[in-house]
Amino acid sequence: MCTVCGCSEGETRIEGHQHAHQHPNEQTHDYGAGPAHAHAPGLSQARMVQIEQDILGKNNEYAATNRRWFSERGILALNLVSSPGSGKTTLLTRTIQDLKSDLGLSVIEGDQQTTNDAERIRKTGVKALQVNTGKGCHLDGHMVGHALETLAPEDNSVLFIENVGNLVCPAAFDLGEAHKVVILSVTEGEDKPLKYPDMFHAADLMILNKIDLLPYLAFDTDECINYARRVNPGIKVLQVSATTGEGISSWYQWIKATHQLAQIGG
Ligand SMILES: Nc1nc2c(ncn2[C@@H]2O[C@H](COP(=O)(O)OP(=O)(O)OP(=O)(O)O)[C@@H](O)[C@H]2O)c(=O)[nH]1
Ligand SMILES: [Zn+2]
Ligand SMILES: [Zn+2]
Ligand SMILES: [Zn+2]
């Protein structure tokens, strides 16, 4: 569901959870100019802006409920966002193997159709729940709220939420997480922070992944980091390889320090 018309409402499937939503009518939509940055047959620009505000407003209420739920339990929730294939699940499985003896961990996996990623995570022995969004291009606060009912992460644990691979829509939807972590792989090109500024603006941490491939690429790491800081001067940057483990200890330090902060004053 984009903010344009909510056309994929009703397609969400959460493992172990029945929750039907009505889809009022079948509509097609395409995108165009105007204040709504979109157009749909029969809808004025003003009406579309109103719809977008309603969708985001409702999402923010669900996200606030989730955030309160996390904070009451000392749970650190991290929302992992990236384009498809940047290495979110690979990074997560390695992270879980390395941290599961120190920290309580669980995972909500978002993607459009398959349960592959949740199965990859469950092989590590930690709890994982798949949310399929159907045609939807991002997780939203409502889906995460329902996933929490089934997943039931333990108090004082770390919950990773792997969002749908998409550098655009997940930026707009607060899930109640403490931080968005954007994963960018070096094979995607150094200009991505400029092309998708909303995502890099919304994230507190950028993980530059697949650095083991740098010898084979013309990727300019410094330029990429400069671009990211141009859209978000405060963004922290870590350079890692999820497959070789290079640089990954900084990521673990960041998780542990951020987790400790979540325990203070809660
Ligand atoms: N060389 C190299 N390959 C990596 C690294 N991390 C992930 N990959 C590979 O990149 C591909 C995609 O990795 P995934 O972990 O499935 O990516 P993802 O972000 O979870 O993908 P989606 O869930 O589809 O968005 C796989 O073939 C991984 O083996 C890395 O650090 N170095
Ligand atoms: Zn979208
Ligand atoms: Zn994945
Ligand atoms: Zn509901």
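Values in this document were obtained by computation on a predicted structure and should not be read as measured data.

**Examining the side chain of Asn-209**
For step 1, the next point in the chain: Relative to the elements of secondary structure, Asn-209 occurs in strand β7 (residues 205-209).
For step 2, the next point in the chain: Separated by 3.0 Å, the side chain of Asn-209 and the backbone nitrogen of Ala-242 make a polar contact.
For step 3, the next point in the chain: Residues contacting Asn-209, with those up to four places away along its chain left out, are Ser-86, Gly-87, Ile-183, Leu-184, Ser-185, Val-186, Val-240, Ser-241 and Ala-242.

**Overview of the confidence of the model for the chain**
For step 1, the next point in the chain: On average, the chain scores 91 in pLDDT, and the residues at 70 or more come to 89%.
For step 2, the next point in the chain: Note that residues 26-30 has pLDDT below 50 and, in this model, 9 contacts with residues that lie over four places away or in other chains.

**Quick look at the pairing of strand β4 (residues 127-132)**
For step 1, the next point in the chain: The buried fraction of β4 amounts to 5 of the 6 residues, a majority that puts the element mostly inside the structure.
For step 2, the next point in the chain: Relative to β4, strand β1 (residues 13-14) runs antiparallel, the two sharing 2 bridges. The partner of Ile-14 across the bridge, within β4, is Val-131.
For step 3, the next point in the chain: Where strand β3 (residues 105-111) lies against β4, 6 bridges are found, and the strand directions are parallel. Following the sheet pairing, Ile-108 is matched in β4 by Leu-129.
For step 4, the next point in the chain: On the question of chirality, the crossover connecting β3 to the parallel β4 by way of helix α3 (residues 116-122) is right-handed.

**Notes on the coordination of the zinc ion (ligand 3)**
For step 1, the next point in the chain: Distances from the zinc ion (ligand 3) to its protein donors, namely Thr-89 (OG1), Asp-117 (OD) and Glu-162 (OE), fall within the range 2.0 to 2.2 Å.
For step 2, the next point in the chain: In terms of primary sequence, the donors binding the zinc ion (ligand 3) are separated according to T-x27-D-x44-E. Within this pair, whereas Thr-89 is found in helix α2 (residues 88-99), its partner Asp-117 is found in helix α3, the two being separated by 28 residues in sequence.
For step 3, the next point in the chain: We classify Thr-89 as buried; its relative accessible area is 4%.

Cut-offs used in this document
- Residues numbered from 1 in each chain as written.
- Chains lettered and ligands numbered in written order.
- Predicted model: local features only at pLDDT ≥ 70, side-chain atom pairs only at ≥ 80, totals over all residues.
- Heavy atoms only, no water.
- Helix = DSSP H or I, 4+ residues; strand = E, 2+ residues; numbered from the N terminus.
- Polar contact = N/O pair within 3.5 Å; in protein donor to acceptor, adjacent residues only side chain to side chain.
- Contact = heavy atoms within 4.5 Å.
- pLDDT = per-residue confidence, 0-100.
- Buried < 20%, exposed > 50% of the residue type's maximum accessible area, 1.4 Å probe, protein only.
- Pairing = 2+ DSSP bridges.
- Right-handed = clockwise from strand over helix to strand, strands pointing away.
- Donors = N, O, S within 2.8 Å, 3.2 Å for Na, K, Ca; no water.

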